[in-house]
Amino acid sequence: MSRYWSAFVHNLEPYVPGEQPKLANLVKLNTNENPYGPSPKVLEAIQQENCDRLRLYPDPASHELKQAIADYYKVNTANVFVGNGSDEVLGHIFHALFQHAPPLLFPDITYSFYPVYCQLYKIDYQTLPLTADFQINVDDYLRDNGGIIFPNPNAPTGCLLALNEIERLVKNNPDSVVVIDEAYIDFGGETAIPLTQRYPNLLVTQTLSKSRSLAGMRVGFAVGHPDLIEALVRVKDSFNSYPLDRLAEAAGVAAIKDRAYFRQTCDKVIESRNKVVTGLRELGFEVLPSAANFVFARHLDYDAAELAAGLRKEGVIVRHFTKRRIEQFLRITIGTPSENQHLLSVLDTLI
Ligand SMILES: *Cc1c(COP(=O)(O)O)cnc(C)c1O
């Protein structure tokens, strides 16, 4: 607290990210990072960046990266916006597209950054409860609104909404923007990006942090109608016109282009997820159906906070949210096969 702060800052409640502990030898299953490193081609691209050029500003429009994303998804570069992680892209979206009179709609259980952006950009919002089995019911969203946003698969549940349901929502909500946050789509869903070519009110965001193993680089993007993209560019160019540094852009391009490595690592994570789900169920956990690189699970006989503390004592960190409806769940990131095995054997001793 300081008397130099604005009244607005006094009241700001920032987002609290998952812990990044400094201890070595932890099994870190708390922030949905990829257990595998980025593609070797990414490391090569970073090494080949001419370091003499670091004295020069990067391309303010990140053309090469936009081109790589556009080629990958068969859209035009005018459909693509890039930023420092999808969190920054989302910040610009809230600022540029959600400041309308009726409230923004999102689920009661979802990515906890959304209410933080609403506070920062003074956006009125209303949360709509997930169903009893933690699913999004599209009919709930077919009402007056200033925008709609949710992740697909949802976080922290991991549950996927079918693409035809997303299309039904977008089609029946022509007067405001629907944003689908696809941070985890590559681990088991089908992207809504092709729908952006038919619906000018749909914007899809993705990140290279999870499925492309670049959380430390900060690269994210949005795909949608050029008018939506132009709104984001206006905000970006009023705030930080050089968002991606040279190394991040080079790494991002190489990551998008190495399709084989991407497919291989995603498949390994999916295979491991299936094993973790089976293992947890054998221990008596209820596990929500996950299409992400994490699972959301609860045990009817054991308190989630106590399980998280017990795991931590053995060097395994998972995420526990003290939020109504989900306070008995643990969100567990899928790690390497040996990390997953360690998780399951520690849980076995706790149960
Ligand atoms: C991880 C995550 C993001 C943000 O990822 P960045 O690292 O900022 O690209 C956005 N939305 C959801 C739902 C996430 O889980």
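Quick word on the packing of aromatic side chains
Inference 1: Summed over the entire model, instances satisfying the criterion amount to 18 aromatic pairs.
Inference 2: Plain terms: the ring middles of Tyr73 and Phe221 are 6.3 Å apart, the flat faces sit at 45 degrees to each other, and that makes the pair tilted. Here Tyr73, found in helix H3 (residues 63–73), pairs with Phe221, found in strand E8 (residues 220–224); they are 148 residues apart in sequence, far enough to count as distant. Taken individually, Tyr73 and Phe221 each receive the classification buried, so the pair is uniform in this respect.
Inference 3: Above the ring of Phe262, the side-chain terminus of Arg263 is found at 5.6 Å from the ring centroid.
Inference 4: Seen from the ring of Tyr36, Lys268 lies directly overhead, with NZ or CZ sitting 4.2 Å from the centre.

Focus on the site of the ligand
Inference 1: For the ligand, the full set of nearby residues is Gly85, Ser86, Asp87, Tyr111, Pro151, Asp181, Ala183, Tyr184, Thr207, Ser209, Lys210 and Arg218.
Inference 2: For the ligand, an oxygen atom lies 2.5 Å from a polar atom in the side chain of Thr207.
Inference 3: A distance of 2.6 Å separates an oxygen atom of the ligand from a polar atom in the side chain of Ser209.
Inference 4: Burial of the ligand by the surrounding chains reaches 93%, relative to a free accessible area of 390 Å².
Inference 5: Broken down by element, the shell around the ligand gets its largest block of residues, three residues, from helix H4 (residues 85–97).
Inference 6: Looking at the shell around the ligand residue by residue, the classes come out as four nonpolar, four polar and four charged.

Considering the pairing of strand E4 (residues 125–128)
Inference 1: Taken together, the four bridges between strand E3 (residues 104–107) and E4 define a ladder with parallel strand orientation. Across the sheet, residue Phe106 finds its bridge partner in E4, namely Thr127.
Inference 2: Crossover handedness for the path E3 to helix H5 (residues 113–120) to E4: right-handed.

Side note on empty space enclosed by the protein
Inference 1: In total, this model carries one cavity of 30 Å³ or more according to the counting rule given.
Inference 2: Its volume calculated, the largest cavity comes out at about 60 Å³.
Inference 3: Among the elements that take part in the lining of the largest cavity, helix H9 (residues 259–282) stands out by supplying three residues, more than any other.
Inference 4: Per-domain counts for the lining of the largest cavity show at least three residues from each of domain 1 (2–37 + 260–350) and domain 2 (40–258).

Points about the layout of surface pockets
Inference 1: Its boundaries defined by the atoms lining it, the largest pocket holds a volume of some 1,100 Å³.
Inference 2: Together, 47 residues line the largest pocket, and Tyr15, Tyr111, Ser112, Phe113 and Arg319 are the ones closest to its centre.
Inference 3: Elements with a contribution of two residues or more to the lining of the largest pocket: H4, E3, H5 and E4.
Inference 4: Tallying contributions element by element places H5 first for the lining of the largest pocket, with five residues.
Inference 5: Of the residues assigned to the lining of the largest pocket, the class counts are 23 nonpolar, 14 polar and 10 charged.
Inference 6: When residues of the lining of the largest pocket are sorted by domain, at least three fall in each of domain 1 (2–37 + 260–350) and domain 2 (40–258).

Quick look at the domain arrangement of the protein
Inference 1: Domains assigned within the protein are domain 1 (2–37 + 260–350) and domain 2 (40–258).
Inference 2: Centre-to-centre, using C-alpha coordinates, domain 1 lies 23 Å away from domain 2.
Inference 3: Domain 1 puts 36 residues into the contact, and the matching count from domain 2 is 34 residues.
Inference 4: Roughly 2,800 Å² of surface becomes buried between domain 1 and domain 2 when both sides are summed, with 61% attributable to carbon and sulfur atoms.
Inference 5: Looking only at domain 1, the three residues that lose the most surface to domain 2 are Tyr15, Phe262 and Arg325, adding up to 27% of its buried area.
Inference 6: One can count one salt bridge joining domain 1 with domain 2.
Inference 7: The salt bridge involving Arg325 is made with Asp108; its shortest N-O contact spans 2.9 Å.
Inference 8: Where domain 1 touches domain 2, the interface holds 13 residue pairs in polar contact (both at pLDDT 80 or more).
Inference 9: Listing elements by their share of the side of domain 1 that touches domain 2, those giving two or more residues are H9, strand E10 (294–299) and strand E12 (329–333).
Inference 10: It is H9 that contributes the most residues to the side of domain 1 that touches domain 2, nine residues altogether.
Inference 11: Partitioning the side of domain 1 that touches domain 2 into residue classes produces 20 nonpolar, eight polar and eight charged.

Conventions used here
Residues numbered from 1 in each chain as written. Predicted model: local features only at pLDDT ≥ 70, side-chain atom pairs only at ≥ 80, totals over all residues. Heavy atoms only, no water. Phe/Tyr/Trp six-rings, centres within 6.5 Å; stacked < 30°, edge-to-face > 60°. Helix = DSSP H or I, 4+ residues; strand = E, 2+ residues; numbered from the N terminus. Buried < 20%, exposed > 50% of the residue type's maximum accessible area, 1.4 Å probe, protein only. Lys NZ or Arg CZ within 6 Å of the ring centre and 35° of its normal. Near = heavy atom within 4 Å. Polar contact = N/O pair within 3.5 Å; in protein donor to acceptor, adjacent residues only side chain to side chain. Areas by Shrake-Rupley, 256 points an atom, 1.4 Å probe, with all protein chains shown as cover. Nonpolar A, V, L, I, M, F, W, Y, C, P; charged D, E, K, R; others polar. Pairing = 2+ DSSP bridges. Right-handed = clockwise from strand over helix to strand, strands pointing away. 1 Å grid on protein atoms, 1.4 Å probe; cavity = no way out; pocket = protein on both sides within 12 Å on 5 of 7 lines; lining within 4 Å. Points joined across faces, edges and corners; volume = space filled by probe spheres on them. Domains from an automatic or database assignment. Contact = heavy atoms within 4.5 Å. Buried area = accessible area lost by both parts, 1.4 Å probe. Salt bridge = Lys/Arg side-chain N within 4 Å of Asp/Glu carboxyl O.

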